[in-house]
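One letter stands for each residue in the lines below.
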Amino acid sequence: MRIISGLHLTTFFLILVLCSCANTYAGNLVRTIEEFDTAIATLEPGDEVILANGTWTDVELKFKAEGMPDKPIQLKAEEPGKVFITGQSNLRISGSYLVVSGLVFKDGYTPTSEVISFRTSKNDLANNSRVTNTVIDRFSNPERHDTDTWVAIYGKNNQFDHNTMIGKGNRGVTLAVRLNTEASLENNHVIEYNYFGPREILGSNGGETLRIGTSHYSREYSNTVVRNNYFDRTNGELEIISSKSCGNVFRGNVFFESQGTLTMRHGHHTLVENNYFLGNRKPNTGGIRIINEYQTVKNNYLYGLTGHRFRSALVIMNGVSNSPINRYNQVVDSEMNNNIVIDSDNIQLAAGSDEERSATPIGSSMSNNVIMSKSNLNPFTVYDDISGISFEGNVLNEEADVPIEKGFSKAPYSVTENEHGLRVPAQSLIDQIGFGEVKLPVAKEETGADFYPHVYKVVTPQSGGTRSVAAGTNTIVEALENSKPGDTLLLENGGEYLLTKYAAIRHPVTIKSESGDKAVVRSEKSSFFLIENGGTLDLENLWIDGAESPDQAGNSVISTSKYSMNRNYSLAIRDCRVTNLDVNHSFDFLKVYKNTFADSIEISNTEMSNITGSILSLDKETEDLGIYNVENLSIEASTFTDVQGSVANIYRGGTDESTFGPIVVVKGSEFTNTGMGARNKSEASLKFHGVQKLHISNSEWNQSAPLELHLTNGEPITAIRDIVMKDTGEIRANNDEYKIENATYK
Ligand code: CA
């Protein structure tokens, strides 16, 4: 009796508690982290915790609970998209049958190494759980090379869908599936309908958008399915997706103008089918790269991909014999069949062949692919023995050549736009390979959080309004403070402008005078312009003069932030004159700091003279980790006279192969008495170390320090033509793997 009445009492008490819970929480609406923690402690299957609308700052949300298959426990926003998690914040979940939805992470970054983690400790993992309709927008650590992961999926049977991830600026994978314990293997996760928005070039390894596994667990099965996701300009690095485990499926994803490739970096038995790569002829856009065993690549559509080498449209790699787990496994029994490749430049076989990577592909096939392009009439590059790849039924347009004897036929170039706006070959060819309808498997609008726009506005210079700036002292500084992104500050022709304060560039802005007499700008500070995080600067038709600069060593005209920048900047100098940077020694034109990165630097139609420092010293990443300071540099139709330092000094060290740049063009320019100063440690007028593409043409050196080349790994392309060197030393290079034609020494 006592026992029974005890049970009765307990039941009664439980009912009371449940009633009071229902009342207290009214659906468990919580307004503070304390209320959240209290609510989490008492959750039952079927419960909800609702975060109140508003901004939650500096909160570490730990959602640990046990739901049931038919009664999941939900953590949701009061209204989707109206709960903002900001500051030093993150979310960890563990248990089972949990659903998270409606949150927006912005204006901050995680204090730990993950923003959303499917575990609360090493052994407390989430299983059968879901994160959906959630946003992470530029929630990036300000330290560019501090690594974190935005979303890390552990456990098994989890789903990550309809989420929006935009603009990761610091190093580290956007979304990672982790296999680091037994409890996360053979996980069967589903990653679908997510919108991966633009990610800037990182200028280093570690900019992957999606990684599944790591080399250490790469011979384990993950069995993760990645389908119907939209990758929109996810640049980062060479690997958009790095599959590093077995049994994964990539189906029906769209890659829009994304630099890099879907890489089967480690692991076997991967299926890559019905994915659409739309390069639209943008630089460094790539397709699919096969490494390892039993990989199947079929029915993919690849358009307008310009990448070469490891970022070609289709790549089959060479491997390393008895490869260590972290190197390149030989390609064995793999297929690359029934794909359509249109207006793309490169297909590379036995790629990466070198002394170490000497194991050629075996037991593999390349069949029934339709390849049509006039942009490169020799699209195939064969680096080694490909007798282990069988070729059958491939079709090439008749203008193109292929160095493979069997398995290719020719057809007229028959590419037209179909009803879905995609460039397709003749229907007979599509039918011949059984491709089916050529149509995007998912539209951008079907992906991502439903409340969040897919527009990630990249503001370009001169896209905003124009503000006239009167000549005088600090009028530029005031105008900058009042400017909006994309604005142009229009200076008076011939007007004199003095800066007694730093001119801070915090967003894209143009400072110019109309063609005619240049406005002249002088500064009393150690630097004229400071490019802060988010800043981008164009200077046009200005005269920059150092006559008022302080009498101290180390001045500069333009400086980046001294601190790490997690957003890339660009700099353009057009039709300018730069004089008298000589009040003291080491007066540079541009001074950059570590952990900063320029998407592009352009100097055109500009004269620079009488400078005691260097023009562009982009050599601040010296640890040989493959990190560098600039992606694209161009110097065009410009003259440099009496420059004691180097005009350009670019350094990218190490043996990393996961980046695209630096890419440098020098043309139509003159270098007179440049690089000869005793403080110029490079002893070069132009020094390029580890540059990946270098084109120098139609330029002249007079009484200058030599040009120095240090060619490193990555098969750099170096072409020099039509140059004249007067009283200037010969080109110094560490090897002769560069092209030079029509060079005259006088
Ligand atoms: Ca990588």
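Owing to the predicted nature of the structure, the values given are computational and were not obtained by experimental measurement.

Colleague: Which parts of the structure should I look at to understand the overall build of the protein chain?
Modeller: Of regular secondary structure, the protein chain possesses 4 helices and 72 strands. Over its C-alpha atoms the protein chain spans a radius of gyration of 29 Å, differing by no more than 12% from the 27 Å that the globule rule assigns to 746 residues. Looking at the 746 residues of the protein chain, the share that counts as buried comes to 58%. Partitioning the intrachain contacts of the protein chain with sequence separation of at least 6 by distance along the chain shows that 74% fall at a separation of at least 24. Of the roughly 28500 Å² of accessible surface on the protein chain, a fraction of 46% belongs to carbon and sulfur atoms. Here the protein chain contributes 67 positively and 93 negatively charged side chains, and the mean placements of these two sets differ by 3 Å.

Colleague: Before we go on, may I ask you to explain the packing of aromatic side chains in this structure?
Modeller: All told, the structure shown has 14 aromatic pairs when counted by the stated rule. For the pair Phe391 and Phe408, a centre-to-centre distance of 5.7 Å together with 35° between the ring planes defines the contact as tilted. With a gap of 17 residues between them, Phe391 in strand 40 (residues 389–392) and Phe408 in strand 42 (residues 408–411) connect regions that are remote in the sequence. Exposure class is identical for Phe391 and Phe408. Each is buried. Joined through ring pairs, the aromatic side chains of Phe196, Phe231, Phe255 and Phe277 make up one cluster. For the cation-ring pair, Arg357 lies above Tyr328, with the distance from its terminal atom to the ring centre recorded as 4.9 Å.

Colleague: How should I be thinking about the layout of surface pockets in this particular structure?
Modeller: It is the rolling of a water-molecule-sized probe over the atoms that shows where space remains empty. Size it by volume and the largest pocket reaches roughly 1200 Å³. As for the largest pocket, its lining consists of 43 residues, of which Glu200, Asn235, Val458, Ser570 and Asp599 are closest to the centre. Looking at the lining of the largest pocket, the elements with two or more residues in it are strand 53 (536–540), strand 56 (569–574), strand 59 (598–604), strand 62 (630–636), strand 65 (663–667) and strand 68 (693–702). The residue inventory of the lining of the largest pocket, partitioned by class, reads 15 nonpolar, 13 polar and 15 charged. Mapped onto the domain boundaries, the lining of the largest pocket takes at least three residues apiece from domain 1 (45–446) and domain 2 (546–745).

Colleague: Even after reading the chapter, I still don't get the pattern of salt bridges, so can you show me in this structure?
Modeller: Any two side chains of opposite charge can pair, so long as their charged atoms come close to each other. The tally for this structure, following the rule as stated, stands at 30 salt bridges. Put simply, Asp137 and Arg138 hold a salt bridge, and the shortest N to O gap is 2.8 Å. The class of Arg138 is partly exposed, set by a relative accessible area of 39%. The shortest N-O distance in the salt bridge between Glu657 and Arg309 comes to 2.9 Å. Residue Glu657 is found in the loop between strand 64 (648–651) and strand 65, and its partner Arg309 is found in the loop between strand 32 (301–303) and strand 33 (314–317); the two are separated by 348 residues along the sequence.

Colleague: How do you make sense of the sheet that holds strand 71 (residues 732–733) when you look at a structure like this?
Modeller: Across a sheet, paired strands are connected by hydrogen bonds in the backbone, their directions being either parallel or antiparallel. In space, the 9 strands of this open sheet follow the order 49-52-55-58-61-64-67-69-71, with parallel pairing throughout. Looking along the sheet, the strands with just one partner apiece sit at the ends: strand 49 (503–505) and strand 71. Inspection of the sheet shows strand 49 paired to strand 52 (residues 527–531) by 3 bridges, in the parallel sense. Among the inter-strand pairings, Ala503 is bridged to a residue of strand 52, identified as Phe529.

Colleague: What's the story with the coordination of the calcium ion in this structure? I'm lost.
Modeller: Note on metal geometry: ideal angles are 109.5 degrees for four donors arranged tetrahedrally and 90 or 180 degrees for six donors arranged octahedrally. The coordination sphere of the calcium ion contains the protein donors Asn205 (OD1), Glu208 (OE), Glu237 (OE), Glu237 (OE) and Glu239 (OE), at a distance range of 2.2 to 2.6 Å. Here the donor residues of the calcium ion are spaced in sequence according to N-x2-E-x28-E-x1-E. Taken together, the residues Asn205 in the loop between strand 20 (195–196) and strand 21 (210–212) and Glu237 in the loop between strand 23 (230–232) and strand 24 (239–244) connect sequence positions 32 residues apart. For Glu237, a relative accessible area of 0% corresponds to the buried category.

Colleague: Just checking my understanding: could you explain helix 2 (residues 33–41) for this structure?
Modeller: Along an α-helix, residues three or four positions apart point the same way, because every turn accommodates 3.6 residues. What helix 2 keeps buried is the set Phe36, Ala39 and Ile40. For helix 2, the angular spread of the buried residues around the axis is 100°, confining them to a single face. Looking at helix 2, the residues exposed on the side facing more than 90 degrees away from the buried face are Glu34 and Ala41.

Colleague: Mind showing me how you'd approach the environment of Ser353 here?
Modeller: Relative to the elements of secondary structure, Ser353 occurs in the loop between strand 36 (347–351) and strand 37 (364–367). Looking at Ser353, the relative accessible area reads 28%, which means it is partly exposed. Placed 31 residues apart in sequence, Ser353 and Asp384 show a C-alpha to C-alpha distance of 6.5 Å. Setting aside residues no more than four positions away along its own chain, Ser353 makes contact with Asn318, Tyr383 and Asp384.

Colleague: Explain the domain arrangement of the protein chain to me, please; I cannot follow it from the model alone.
Modeller: According to the domain assignment, the protein chain contains domain 1 (45–446) and domain 2 (546–745). Taking only C-alpha atoms into account, the centre of domain 1 sits 36 Å from that of domain 2. Taken together, the 27 residues of domain 1 in the interface contact 22 residues of domain 2. Around 2100 Å² of area is buried between domain 1 and domain 2 when both sides are counted, 47% of it from carbon and sulfur atoms.

Colleague: Honestly, the nonpolar core in this entry has me stumped. Any pointers?
Modeller: Nonpolar side chains in soluble globular proteins generally cluster together in the buried interior. Core analysis: the biggest nonpolar cluster contains 80 residues, and Leu51, Phe63, Leu91, Phe118, Val151 and Leu349 have the highest contact counts within it. No other element matches strand 15 (residues 149–153), which puts 4 residues into this core. Residue contacts for Val151: discarding those within four places in its chain leaves Ile116, Phe118, Ile136, Phe160, Met165, Thr174, Leu175 and Ala176. The next biggest cluster of nonpolar side chains, apart from the first, holds 68 residues, and it includes Val509, Cys576, Val647 and Leu694.

Colleague: Please explain the environment of Val724 as it appears in this structure.
Modeller: Tracing the sequence through the fold places Val724 in strand 70 (residues 717–726). If near-sequence neighbours (up to four positions away) are discounted, Val724 is found in contact with Ser699, Glu700, Trp701, Thr744 and Lys746.

Colleague: What is the right way to read the side chain of Asn541 from this model?
Modeller: Secondary-structure assignment places Asn541 in the loop between strand 53 and strand 54 (542–545). Those residues in contact with Asn541 that lie beyond four places of it in its chain are Asn493, Ser513, Glu514, Ser515, Gly516, Asp517, Lys518, Ala519, Arg574, Asp575 and Cys576.

Colleague: Looking at this structure, I do not really get empty space enclosed by the protein. What am I missing?
Modeller: Summed over the entire model, instances satisfying the criterion amount to 5 cavities of 30 Å³ or more. The calculated volume of the largest cavity comes to roughly 80 Å³. Tallied by class, the residues present in the lining of the largest cavity amount to no nonpolar, 4 polar and 6 charged. Viewed by domain, the lining of the largest cavity spans two of them, domain 1 (45–446) and domain 2 (546–745), each represented by three or more residues.

Colleague: What should I look at first to understand the confidence of the model for the protein chain in this one?
Modeller: Atomic detail in the predicted coordinates should be set aside for any region of low pLDDT. The pLDDT averaged across the protein chain works out to 95; a share of 96% of its residues lies at or above 70. The low-confidence segment residues 1–26, where pLDDT is below 50, has 6 contacts with residues more than four positions distant or belonging to other chains.

Colleague: What is the right way to look at the environment of Asn329 in this model?
Modeller: The topology assignment puts Asn329 in the loop between strand 33 and strand 34 (335–337). With sequence-adjacent residues up to four places away left out, Asn329 is seen in contact with Arg219, His268, Ile291, Asn292, Glu293, Gly319 and Ser323. A distance of 3.4 Å separates the side chain of Asn329 from the side chain of Glu293, its partner in a polar contact.

Colleague: Is there a simple way to think about the pairing of strand 4 (residues 60–66) in this case?
Modeller: For a regular strand, side-chain orientation follows a simple rule: the groups alternate between the two sheet faces. Going residue by residue along strand 4, you find Leu61, Phe63 and Ala65 tucked away on one face and Glu60, Lys62, Lys64 and Glu66 left uncovered on the opposite face. Of the strand pairs in this sheet, strand 4 and strand 7 (residues 90–96) are connected by 7 bridges, and their pairing is parallel. Paired with Lys62 across the two strands is Arg92, which belongs to strand 7.

Basis of the calculations
- Residues numbered from 1 in each chain as written.
- Predicted model: local features only at pLDDT ≥ 70, side-chain atom pairs only at ≥ 80, totals over all residues.
- Heavy atoms only, no water.
- Helix = DSSP H or I, 4+ residues; strand = E, 2+ residues; numbered from the N terminus.
- Rg over C-alpha atoms; globule rule 2.2 N^0.38 Å.
- Buried < 20%, exposed > 50% of the residue type's maximum accessible area, 1.4 Å probe, protein only.
- Contact = heavy atoms within 4.5 Å.
- Areas by Shrake-Rupley, 256 points an atom, 1.4 Å probe, with all protein chains shown as cover.
- Lys, Arg positive; Asp, Glu negative; His and termini not counted.
- Charge placed at Lys NZ, Arg CZ, Asp CG, Glu CD.
- Phe/Tyr/Trp six-rings, centres within 6.5 Å; stacked < 30°, edge-to-face > 60°.
- Lys NZ or Arg CZ within 6 Å of the ring centre and 35° of its normal.
- 1 Å grid on protein atoms, 1.4 Å probe; cavity = no way out; pocket = protein on both sides within 12 Å on 5 of 7 lines; lining within 4 Å.
- Points joined across faces, edges and corners; volume = space filled by probe spheres on them.
- Nonpolar A, V, L, I, M, F, W, Y, C, P; charged D, E, K, R; others polar.
- Domains from an automatic or database assignment.
- Salt bridge = Lys/Arg side-chain N within 4 Å of Asp/Glu carboxyl O.
- Pairing = 2+ DSSP bridges.
- Donors = N, O, S within 2.8 Å, 3.2 Å for Na, K, Ca; no water.
- Arc of directions from axis to C-beta.
- Buried area = accessible area lost by both parts, 1.4 Å probe.
- Core = buried A, V, L, I, M, F, W, Y, C linked by side-chain atoms within 4.5 Å.
- pLDDT = per-residue confidence, 0-100.
- Polar contact = N/O pair within 3.5 Å; in protein donor to acceptor, adjacent residues only side chain to side chain.

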